[in-house]
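Architecture and fold: a report
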Amino acid sequence: MKIIEIKNINKYFGNNSNKIHILKDINISIEKGDFVAIVGQSGSGKSTLMNIIGCLDTPTSGFYKINGIEVGKMNKDEQAELRCKTFGFIFQRYNLLSMLTAKENVALPASYFGIASKARTERAKTLLNNLNLDGKLENLPSELSGGQQQRVSIARALMNGGEIILADEPTGALDSKSGEMVMKIIKDLHAKGHTIIIVTHDKTIAAQASRIIEIKDGVAISDTRNNDKIYGNLDQIPPAQKSKFSQLKYQLSESFRMSVQAIIAHKMRSLLTMLGIIIGITSVVTIVAVGNGYKEKMMGMLSSFGANTVTIIPGSGFGDKNASKIKTLKASDAKTLGELKYVDSVSPNIDAWRILVYKSTSLTARLEGVSAEFLSVNNKKLESGRKFTAVEVENAAPVAIINQYTKKELFGTSVNPLGENLIFGKQPLKVIGVIAEEDGFGPPDTSLNIYVPYTTAMYKILGKQEISTITIRIKDGVNSHLAENNLVRVLTSLHEKKDFFTVNSNSVRKAVSSVADIMTLLVSTVAFIALIVGGIGVMNIMLVSITERTKEIGIRMAIGAKQKDILQQFLIESILICLLGGFIGVSLSVLMSLGLNSIMQGFRMVISVNSVIIALLFSSTIGIIFGYVPAKKAANLNPIDALARD
Ligand SMILES: Nc1ncnc2c1ncn2[C@@H]1O[C@H](COP(=O)(O)OP(=O)(O)OP(=O)(O)O)[C@@H](O)[C@H]1O
Ligand SMILES: [Mg+2]
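These lines cover the structure that appears in this document, whether it is placed above or below. Because the structure is predicted, anything quoted here is derived from the model rather than measured.

Our focus in this paragraph is the sheet that holds strand β3 (residues 35-40). With respect to topology, six strands assemble into an open sheet ordered β6-β7-β8-β3-β9-β10, the strand pairing being mixed. In this open sheet, the two edge strands, each paired with only one partner strand, are β6 (87-90) and β10 (219-225). Neighbour to neighbour, the strand axes of the sheet diverge by 15 degrees on average, direction disregarded. Taken together, the five bridges between strand β7 (residues 164-168) and strand β8 (residues 195-199) define a ladder with parallel strand orientation. Its bridge partner lying in β8, Ala167 is registered against Ile198.

Below you can see the structure in the form of structure tokens.
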């Protein structure tokens with residue numbers, strides 16, 4: 001039976017003016033189990049013919065069949081499958097992958113065949129043992145002699161069965177003793193049923209074949225038969241029977257393993273590739289953490305001002321010149337608003353600046369007239385004493401609550417202020433309570449503030465009938481905006497016109513957090529650009545790496561890698577590099593925030609899980625986007641061009 005049939009094959013190299021005719025109308029048929037030597041002078045076209053037979057190269061014209069199937073009609077994947085399952089290549093210069101051990105090199109073709117890792121390793125060991133390499137399983141090619149490397153490459157050719165062994169000058173780089181050993185192995189393979197095609201210019205080697213074809217200037221000039229030794233019953237290794245899913249799983253895990261190997265083999269370059277991503281991710285995560293910290297701090301400050309409050313102020317807005325003429329805001333308004341069901345507490349406010357006298361000390365202080373509920377409205381607590389009673393508010397009682405700073409300035413640490421008498425303006429006041437120090441952020445309060453019932457302020461100190469503002473605390477869980485609108489409606493109908501405006505503490509809160517958001521957005525944009533630049537860096541280095549590893553790609557293709565295997569491998573490699581860069585970036589920002597948080601006071605960076613997840617997703621996306629072009633370029637390489645590269 002004919003295993004190879006070649007009809008009228010022609011091969012030209014170059015184009016137009018410098019086109020050269022290398023193979024001229026070659027017609028050869030080779031029997032299954034034969035041992036053919038192709039001889040001829042250097043440059044006669046032997047290797048070119050061999051590469052066409054092995055589907056590494058394509059003829060310019062003509063047809064050929066392998067195992068009865070027309071190769072010209074196969075697509076690239078089918079040709080790759082043929083290289084993988086039918087051919088076993090033995091090259092003059094061995095073509096082992098330098099970063100893989102002998103065992104891994106031998107096992108590699110089977111991973112493109114879809115055979116499980118354990119079965120692969122077992123078979124690789126057996127093949128190497130059979131070629132007397134049992135002690136060299138874990139050695140890298142650079143640690144082996146030429147003869148040993150060639151035996152490893154023979155074992156690799158046999159890994160997937162190697163029904164047709166194509167050997168291009170297999171002894172060309174070896175000393176005579178190693179050459180003889182290799183020839184003996186090849187003859188043994190022939191005897192076992194492998195079809196052997198060997199290219200050589202050595203007459204004594206050619207003489208060991210069953211048939212000798214001589215090529216001269218691209219023409220087959222003679223075809224002689226030495227003997228009739230045609231075997232042919234080759235023990236086939238059982239084909240891998242696997243579901244599509246498990247095959248995909250094997251391929252993916254193989255690509256993953258190979259990518260990890262490649263990254264480890266080129267540590268420095270991988271690190272440099274990652275640098276852009278590391279910088280980008282570190283800056284994004286850190287900046288978002290700073291933004292979060294800032295927001296948290298602002299929120300803390302705001303919450304120390306009080307819960308959600310709405311303040312009602314006469315006039316059309318801040319800076320209204322006519323505001324002082326509006327005298328419609330009354331204490332009764334505060335009472336009415338205080339009865340609404342979404343209002344927690346309410347306090348009218350009216351303030352005055354006068355000289356405050358205690359014994360021999362006199363200072364300018366601010367007095368604020370408030371309701372009994374003002375502590376709750378303003379989120380303040382008493383350190384000592386009591387709040388105003390309803391009766392005291394009703395009767396404009398001369399009682400006062402003072403803040404910490406006033407206590408310190410007037411009484412120092414030795415005197416208990418409770419029960420002491422002060423004079424504000426001309427009004428005597430008895431101290432009944434002291435407000436506790438606030439535990440919020442920001443500088444401590446350094447204003448002299450005293451609080452009295454608003455009635456006391458209105459009637460006894462200022463002689464006014466109206467109040468300045470009303471502060472309303474909204475119940476927790478109530479929609480602040482709706483509550484504010486409702487307050488405005490109620491008060492407008494009381495006044496019969498809208499002669500006031502409102503300030504909602506929630507909108508201040510929103511404004512602060514939107515400032516933080518804008519800051520985060522701004523700097524994230526810069527960091528995003530850094531990431532894109534990093535991604536382009538990854539693409540550059542991947543492109544360089546592919547140029548550098550063209551030979552490796554060629555070898556992988558020669559032993560059966562399909563385009564998608566190569567694409568997958570380089571894509572996974574770039575994703576891994578970016579993801580690893582992302583991890584390093586995230587870790588750096590975590591370290592940085594831990595460090596900064598431990599030395600900085602009053603501010604802490606807050607790294608959110610979301611930003612970490614987004615950073616990692618983003619870096620793998622960069623890996624895919626910027627890895628695709630180089631990976632596709634690698635996958636589209638022509639096997640023989642890639643293999644010819646040094
Ligand atoms: N990619 C290519 N582009 C242009 N010319 C090429 C290419 N590959 C081979 N050739 C030419 O084709 C001719 C045959 O080359 P080939 O490698 O087949 O020779 P060979 O018979 O194997 O020689 P040797 O015994 O030295 O290995 C040579 O003249 C070579 O210069
Ligand atoms: Mg050659």
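A few words now on the side chain of Asn95. Structurally, the position occupied by Asn95 is in the loop between β6 and α3 (102-113). Asn95 gets classed as buried once you look at its relative accessible area, which sits at 8%. Setting aside anything within four residues of it in sequence, one finds Asn95 in contact with Arg156, Lys551, Ile555 and Leu643.

Take the sheet that holds strand β5 (residues 69-70) next. A sheet is described by the order of its strands in space; here four strands give the open sequence β2-β1-β4-β5, paired in antiparallel fashion. Two strands lie at the open edges of the sheet, namely β2 (20-31) and β5, each paired on one side alone. Alignment of strand β1 (residues 2-13) against β2, held across eight bridges, turns out to be antiparallel. For Glu5, the partnering residue across the bridge sits in β2 and is Ser29.

This paragraph deals with the side chain of Thr195. Its place among the elements puts Thr195 in strand β8. On the basis of relative accessibility, which here comes to 0%, the residue Thr195 falls in the buried class. In terms of polar contacts, Thr195 uses its side chain to reach the backbone amide nitrogen of Gly33, at 2.8 Å. For Thr195, the contacting residues outside a window of four places in its chain are Ile3, Ile30, Glu31, Lys32, Gly33, Asp34, Glu163, Ile164 and Ile165.

Moving on, we come to the pairing of strand β12 (residues 343-358). Direction of pairing for β12 relative to strand β19 (residues 469-474): antiparallel, over a ladder of six bridges. Across the sheet, the residue bridging to Ser347 is Thr471, located in β19. Judged from the nine bridges that link them, β12 and strand β13 (residues 361-370) form a sheet pairing that is antiparallel. Looking at the pairing, Leu356 lines up with Leu363 of β13. Where β12 hands over to β13, the hairpin turn is made up of two residues, of which Lys359 adopts a positive phi near 50 degrees. As defined by bridge partners, β12 adjoins strand β16 (residues 421-424) across two bridges and the pair is classed as antiparallel. Bridge pairing in β16 places Val357 opposite Ile423.

Parameters at a glance
Chains are numbered independently. Their residues run from 1 in the order of the written sequence. Numbering of ligands from 1 and lettering of chains from A proceed in the order in which they are written. A pLDDT threshold of at least 70 governs which residues receive local features in this predicted model, and a stricter bar of 80 or more applies before side-chain atom pairs are shown or counted, although totals over entire chains, interfaces and linings include all residues. No hydrogens and no water enter the side-chain calculation; it runs on all heavy atoms of the structure. A pair of strands counts as paired when DSSP detects no fewer than two bridges linking them. Secondary structure elements are defined from DSSP: runs of H or I of at least 4 residues count as helices, runs of E of at least 2 residues count as strands, and each element is numbered from the N terminus. Axes, fitted as lines to C-alpha atoms, cover a helix only where it is in contact. Angles between the N-to-C directions of the axes lie from 0 to 180 degrees. Think of it in three bands: residues with accessible area under 20% of the maximum for their type are buried, residues over 50% are exposed, and the middle band is partly exposed, with areas taken using a 1.4 Å probe on protein chains only. Note on contacts: a residue pair is in contact if any heavy atoms of the two residues lie within 4.5 Å. For this analysis, a polar contact is any N or O atom pair within 3.5 Å, provided that within protein one partner can donate a hydrogen and the other can accept it, and provided that sequence-adjacent residues contribute only side-chain to side-chain pairs.

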